[in-house]
Amino acid sequence: MSEHYEKHSEAVSNAFMQLLDEHVREGIGEAQRQQLAMLIEAAISTAVFEQLEHAADQADALGRQIRQHA
C-alpha cells in the first residue's frame, strides 16, 4: 500500500510544481521536490491511519453492542 501512497504523493507534488511560476520551479532542486513528496506521503499515511483507527473503534463498539444483545 505504501507504494500506492508514494505514487500518489509524487503526482500531488508534480501537480503543485506545475502551479508555480517557471522561475520559482527552477529554484527548487530535486532534493526539495523529494522532501515535498515525502511530506505529502506522510500526510496521506497519517490520514489513512486515523480513518482505520476510527473504523476499528466503530467495529469494536458494534461488537460490544452485539454481545450485550446476545
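Here, the structure is the one placed above.
Just so it is clear, the structure is predicted and the values come from calculations on it, not from any experiment.

Engineer: Got a minute to help me understand the environment of serine 9 in this structure?
Structural biologist: Considering the arrangement of structural elements, one finds serine 9 in helix α1 (residues 2–19). Residue serine 9 is classed as buried on the basis of its relative accessible area, which comes to 1%. Along the primary structure serine 9 and glutamate 41 are separated by 32 residues, whereas in three dimensions their C-alpha atoms are 5.1 Å apart. Residue contacts for serine 9: discarding those within four places in its chain leaves Ala37, Ile40, Glu41 and Ile44. A polar contact of 3.4 Å, which involves the side chain of serine 9, links it to the backbone oxygen of alanine 37.

Engineer: What should I look at first to understand the packing of α1 against helix α3 (residues 30–69) in this one?
Structural biologist: Geometry of a packed helix pair, given as the angle between the helix axes and the separation of the axes. It is the contact of α1 with α3, at a shortest axis distance of 8 Å, that shows an interaxial angle of 125 degrees. Taken together, α1 and α3 sit at an angle that is classed as oblique. Judged by the twist between their axes, the crossing of α1 over α3 is right-handed. Taking contact as the criterion, the partners of Ser2, Tyr5, Glu6, His8, Ser9, Glu10, Val12, Ser13, Asn14, Phe16 and Met17 in α1 are, on α3, Arg33, Leu36, Ala37, Ile40, Glu41, Ile44, Ser45 and Val48. In terms of residue class, the contact of α1 with α3 is built from nine nonpolar, six polar and four charged.

The rules behind the values
- Residues numbered from 1 in each chain as written.
- Predicted model: local features only at pLDDT ≥ 70, side-chain atom pairs only at ≥ 80, totals over all residues.
- Heavy atoms only, no water.
- Helix = DSSP H or I, 4+ residues; strand = E, 2+ residues; numbered from the N terminus.
- Buried < 20%, exposed > 50% of the residue type's maximum accessible area, 1.4 Å probe, protein only.
- Contact = heavy atoms within 4.5 Å.
- Polar contact = N/O pair within 3.5 Å; in protein donor to acceptor, adjacent residues only side chain to side chain.
- Axes fitted to C-alpha atoms, helices over the stretch in contact; angles between N-to-C directions.
- Parallel < 35°, antiparallel > 145°, perpendicular 65-115°, else oblique.
- Left-handed = near helix turned anticlockwise from the far one by under 90°.
- Nonpolar A, V, L, I, M, F, W, Y, C, P; charged D, E, K, R; others polar.

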